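# Observations on chain architecture
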Amino acid sequence: AAAAAAAAAEERKECATLMELYDAFGGDGWGTKWRGSGANWTLSKDSPPDVCCSWSRVRCKSRSKRKRVTRLSFDGMKKLTGAIPSSLAELSFLETLSMKDASRLSGTIPANISQLTALKRLSIGRNKLSGTLPSTLWQLQNVKDLYFKRTSLSGTLPEALSQLSKLETLDVSKSKLSGSLPLGLAWLDRLKTVEVSENRLSGRVPPLGMRQATTHGVAPVTHSSPIAVPPQGLSSVAALGASPLPSITTCRLTSSTFTTPYSVHRIASAKRGRNQFSCPLPTQLAPACQRTVYCVEFTPPAL
């Protein structure tokens, strides 16, 4: 009986957390169209402990014989306002958070997002989100999809991103990110989609869609590895036994699309505020990526 009471209390706590989100996102101003076929978000002392599982845009699954919140979808909610509260991290069973095109969402991604250890899909794009991607984000070892398209996010994509070994989709296009693409991104063998166009990225392009064969199997590359970057640079990765991984099927590294041979994708300059990758491009690159990448050749000023 005590265990059942404790489990029911946890269910009630999750529903109370959802009501905190409702208030933080200006729920009283959402109107009625957002609900669809689900129930309105209301909570009272007489509500069943799992009442929120019937609410619109909430999905639950059975965990330890109790219903727990595993999915929240606020896609297309134009009247949703405010920032993501830190209390979101209390939804410890959450697997999917989707807020695409909630265009009035603002603020930053809370640092304690790393507490959502069950999270698989994080889609927060087409809004006013700002700040940098918190370092704690790369602790989410179960994440498969990251979508931050069309935001005001700035900062860099750190090498720690390559710790997300289950990552399948990365879309940070049309934001304000700078710096280089992490080298370890090339060794995520489940990666299918890479969308990074219309940022302010620079530096060398990693050999995306390639892997390095060693006597111990496929080795992830890190900057500290003695064979991570050969003396000749990234363009000579093939010399270390690189072979293509067919997993990357969707790839947009810049806003341009080329029909010319990959070997001639060099330009003298790029528009300000756009990706400006350095030459040379890697000798081997996933075909899906080759069509949308160029490198900028530095031309010394005339004396």
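Just so it is clear, the structure is predicted and the values come from calculations on it, not from any experiment.

## Some details on the overall build of the chain
- Each helix and strand in the chain was counted, giving 2 helices and 18 strands.
- Per-residue burial for the chain yields a buried fraction of 46% across its 303 residues.
- Taking as baseline every contact in the chain between residues at least 6 positions apart, the subset at least 24 positions apart corresponds to 61%.
- Carbon and sulfur atoms form 51% of the exposed surface of the chain, whose accessible area is close to 14500 Å².

## So, the pairing of strand β2 (residues 66–73)
- Summarising the sheet, strand β1 (residues 58–63) and β2 pair through 6 bridges and their orientation is antiparallel. Along β2, the bridge assignment pairs R59 with R71.
- As judged from the 3 bridges shared by β2 and strand β4 (residues 96–98), these two strands associate in the parallel manner. Within β4, the position partnered with S73 by the bridge is S98.

## Digging into unusual backbone geometry
- For the bond from C279 to P280, the omega torsion is -5°, close enough to zero to count as cis.
- Tracing the sequence through the fold places P280 in the loop between β17 (276–277) and α2 (287–290).
- Although it is not a glycine, R57 sits at a positive phi angle of roughly 70°.

## A closer look at the sheet that holds strand β10 (residues 193–195)
- Spatially, 8 strands are ordered β1-β2-β4-β6-β7-β8-β10-β15 in an open sheet, and the strand pairing comes out mixed. Both edges of this open sheet fall to β1 and β15 (250–252), since each of them pairs with a single strand only. Strand-to-strand twist of the sheet, defined as the mean angle between neighbouring strand axes without regard to direction, takes the value 15°.
- Examined bridge by bridge, strand β6 (residues 121–123) and strand β7 (residues 145–147) share 3 bridges and lie parallel to one another. The residue of β7 that forms the bridge with S123 is Y147.

## Notes on the pattern of salt bridges
- Within the structure shown, the criterion is met by 9 salt bridges.
- Residues D101 and K78 are paired through a salt bridge, measuring 2.7 Å at the closest nitrogen-oxygen approach. Note that D101 is positioned in the loop between β4 and β5 (105–106) and K78 in the loop between β2 and β3 (82–83), a separation of 23 residues in sequence.
- Look at D101 and you get partly exposed, because its relative accessible area is 27%.
- In this structure K78 comes out as partly exposed when scored by relative accessible area, which is 43%.
- Among the ionic contacts, a cluster of salt bridges with common partners joins E10, E14 and R68.

## Details of the packing of aromatic side chains
- All told, the structure shown has 10 aromatic pairs when counted by the stated rule.
- Here W30 and W34 contribute two aromatic rings whose centre-to-centre distance is 4.8 Å and whose plane-to-plane angle is 80°, an arrangement assigned as edge-to-face. Here W30 and W34 have matching classes, each one buried.
- Counting every residue linked through ring pairs, the aromatic cluster contains Y22, F25, W30, W34, W41, W55 and F74.
- One residue, K100, lies across the ring of Y147, its end atom 4.4 Å from the ring centre.

## Looking at the environment of G107
- In this structure, G107 sits in the loop between β5 and β6.
- G107 sits 23 residues away from S130 along the chain, and the two C-alpha atoms are 5.8 Å apart.
- Ignoring sequence-local partners within four residues, the contact set of G107 consists of A83, K128, L129 and S130.

## Re the state of the cysteines
- If you walk through the whole model with that rule in mind, you get 4 disulfides.
- The disulfide partner of C53 is C60, and the gap between their sulfur atoms is 2.1 Å. The S-S bond linking C53 to C60 shows a torsion near -95°; that makes this disulfide left-handed.
- A relative accessible area of 23% means that C60 is categorised as partly exposed.
- A disulfide bridge connects C251 with C289, and the sulfur atoms are separated by 2.2 Å. Measuring the twist about the S-S bond at about 100°, one finds the C251-C289 disulfide to be right-handed. Pair noted here: C251 is in strand β15 and C289 is in helix α2, with a separation of 38 residues, a long-range link. Just as C251 is buried, C289 falls in that class too.
- Taking only the cysteines that form disulfides and numbering them from first to last, the chain has the pattern 1-2, 3-4, 5-7, 6-8.

How each quantity is defined
Residues numbered from 1 in each chain as written. Predicted model: local features only at pLDDT ≥ 70, side-chain atom pairs only at ≥ 80, totals over all residues. Heavy atoms only, no water. Helix = DSSP H or I, 4+ residues; strand = E, 2+ residues; numbered from the N terminus. Buried < 20%, exposed > 50% of the residue type's maximum accessible area, 1.4 Å probe, protein only. Contact = heavy atoms within 4.5 Å. Areas by Shrake-Rupley, 256 points an atom, 1.4 Å probe, with all protein chains shown as cover. Pairing = 2+ DSSP bridges. Axes fitted to C-alpha atoms, helices over the stretch in contact; angles between N-to-C directions. Salt bridge = Lys/Arg side-chain N within 4 Å of Asp/Glu carboxyl O. Phe/Tyr/Trp six-rings, centres within 6.5 Å; stacked < 30°, edge-to-face > 60°. Lys NZ or Arg CZ within 6 Å of the ring centre and 35° of its normal. Disulfide = S-S within 2.5 Å.

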